[in-house]
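Listed below are the residues making up each chain.
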Amino acid sequence: MSGHVTAPAATLAAELPGWVTLLRAPNPGPMTLDGTNTWVLRAAPGEPAVVIDPGPADEGHLAAIAAHGPIGLVLITHGHPDHTDGSARLSELLGGAHVLAADPRHTIGGEPLTEPAEHLGGFGLDIRLLSTPGHTADSICFLVEHADERVVLTGDTILGRGTTVVAHPDGHLGDYLGSLELLSTYQGITALPGHGPALADCGAAADFYLAHRRARLDQVRAAVAAGARTPDAVVAVVYADVDRSLWWAAGWSVRAQLEYLGVDTGESAPGVSGLEHM
C-alpha cells in the first residue's frame, strides 16, 4: 500500500452513463496520464450540455468540445493549467458561455463557486458542489444526478490511475485527508476523474487513497526519525521506488507531509506551477 502506485485505485467502470461523454485532450505525459479528461454531460438530446474542465489551450480539442453544442455551462474542478488554459477560448467559441470555478481567477461571466453543497440546477441535471481542497486549495468535485444515476466528477482529487500529488504550498495534506474522507462516503458511485479511466466506485477509491496516504505518513515519520530532515532527503528514502525524473513532484507531497507532521525543514517552499500525480 505504501509503494508507488500506478494502477487504478478501484475497479474500472464497465461503461459510462448514456448522458456522459468523454473528450480527452491530446496532452499525455507522466503527470497527465493519457491526457486531461473533459467531460460533457447532457440530460437529453437538444438540452444544453454542461462541460467539466475545458483542458489545455489546444484548438482542436476546444473545437471538439464546441461541436457538442449547445453547451449551457462550463465548470472547473481546479485551476491547474492543464484543466483551465482553454477556458477563455472555449467560452469565446461558445458565444460567451459562463465558466464557473472556486477561484475567481478562473471564473468567466459568473460568480465563483464558494458554497459547500451548493446546488447548480438547470439543463435537466442535478449538480451539487463538493468542497474538496487538498490537491490544490481551490479543488472541488461535483456530484451529478440524472435519471436515477449518479457520478462524482473528481478532478485530480482522485485519478483514474495512480495517486495524486498534494501540490504544496497551495495544497494541504490535512485538507486532502478530509476531502478523501468526504469522498469515501460515496460508495458505489462512479468516479469520473480529471485523468485516466472512469472508476466504478468513488468511495472505494477514496478509501484506497486514504490508506495509501496514511502509509506514506508512516514512512515519512520513520525517515525523519532515522535522520532525514530535508524534503530531498525524505524523497530519497520514501520515494526510492519512483523514477528520479519525478522526484521533483514527489517533493511537493513530501513538503506537505512534513508540514502536516509539524517538521520544520528550515526552507522556503517552492512555487507550484505544474500538474498532477504522485
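The preceding data block contains the structure.
Just so we're clear, the structure is a prediction, and the values are computed from it rather than from any experiment. Counting from 1, residues in each chain are numbered in the order their sequence is written. Owing to the predicted nature of the model, reporting of local features is limited to residues with pLDDT of at least 70; listing and counting of side-chain atom pairs is limited to 80 or more, with chain, interface and lining totals taken over all residues. The side-chain quantities take in all heavy atoms of the structure and omit both hydrogens and water.

Turning to unusual backbone geometry, a few remarks are in order. Trans peptide bonds make up the majority, and among non-glycine residues the majority have a negative phi. For the bond running from G69 to P70, omega is 5°, close enough to zero to count as cis. Each neighbour pair has its own omega, and for H168 with P169 the value is 10°, a cis peptide bond. Secondary structure counts use DSSP, requiring at least four H or I residues in a row for a helix and at least two E residues in a row for a strand, with both numbered from the N terminus. Secondary-structure assignment places P169 in the loop between β9 (149-155) and α4 (173-183). Of note, the phi angle at L33 is positive, near 55°, even though the residue is not glycine.

Turning our eyes to something else, we now look at the sheet that holds strand β7 (residues 126-131). Being paired, for any two strands, means DSSP has found at least two bridges between them. The strand order β6-β7-β8-β9-β10 describes an open sheet built from five strands, whose pairing is mixed. Two strands lie at the open edges of the sheet, namely β6 (119-120) and β10 (190-193), each paired on one side alone. The sheet contact formed by strand β8 (residues 140-146) and β9 spans five bridges and is antiparallel. Across the sheet, the residue bridging to F142 is L153, located in β9. In this description, contact between two residues means that some pair of their heavy atoms is separated by no more than 4.5 Å. Here an angle of 0 to 180 degrees is reported between the N-to-C directions of two axes, which are lines fitted to C-alpha atoms, with helices fitted over the stretch in contact. Together, β7, β8 and β9 form the strand contacts of α4, whose direction differs from that of β7 by roughly 145°.

Before going further, it helps to spend a moment on the sheet that holds strand β5 (residues 99-100). Taking strand neighbours across the sheet as the criterion, the five strands line up as β1-β2-β3-β4-β5 in an open arrangement whose pairing is mixed. Of all the strands in the sheet, just β1 (20-24) and β5 have a single pairing partner and so form its edges. Note that strand β2 (residues 37-41) and strand β3 (residues 49-52) share three bridges and pair antiparallel. Following the sheet pairing, W39 is matched in β3 by I52. Its contacts with the sheet place helix α1 (residues 59-66) against β1, β2, β3 and β4 (71-75), and it is angled at close to 165° to β1.

To continue, consider the pattern of salt bridges. Each salt bridge in this description consists of a side-chain nitrogen of Lys or Arg and a carboxyl oxygen of Asp or Glu lying within 4 Å of one another. Summed over all chains, the structure comprises six salt bridges. In this structure, the salt-bridge partner of E59 is R89, at a minimum N-O distance of 2.7 Å. On the criterion of sequence distance, the pair formed by E59 in helix α1 and R89 in helix α3 (residues 87-93) is long-range, its members being 30 residues apart. Working definition: with a 1.4 Å probe on protein chains only, accessible area under 20% of the residue-type maximum means buried, over 50% means exposed, and in between means partly exposed. The partly exposed category is assigned to R89, whose relative accessible area is 29%. With a shortest N-O distance of 2.6 Å, E92 and R89 are connected by a salt bridge. Placement of both E92 and R89 in helix α3 is noted, with a separation of three residues, approximately one turn of the helix. Here E92 falls in the exposed class, since its relative accessible area comes to 55%.

In summary, soluble globular proteins display a tendency toward joint burial of nonpolar side chains. Remark: nonpolar core denotes a set of buried residues (Ala, Val, Leu, Ile, Met, Phe, Trp, Tyr, Cys) joined through side-chain atoms within 4.5 Å. V152, I158, L183 and Y186 are the most contacted members of the largest nonpolar core, which has 25 residues in total. When contributions to this core are tallied by element, the ones reaching two or more residues are β8, α4 and α5 (202-225). The residues touching I158, leaving out its near neighbours within four places in the chain, are L180, L183, P193, G194, L199, C202, A205, A206 and Y209. Core analysis: the next-biggest nonpolar cluster, separate from the first, contains 22 residues, W19, L41, L75 and L125 among them.

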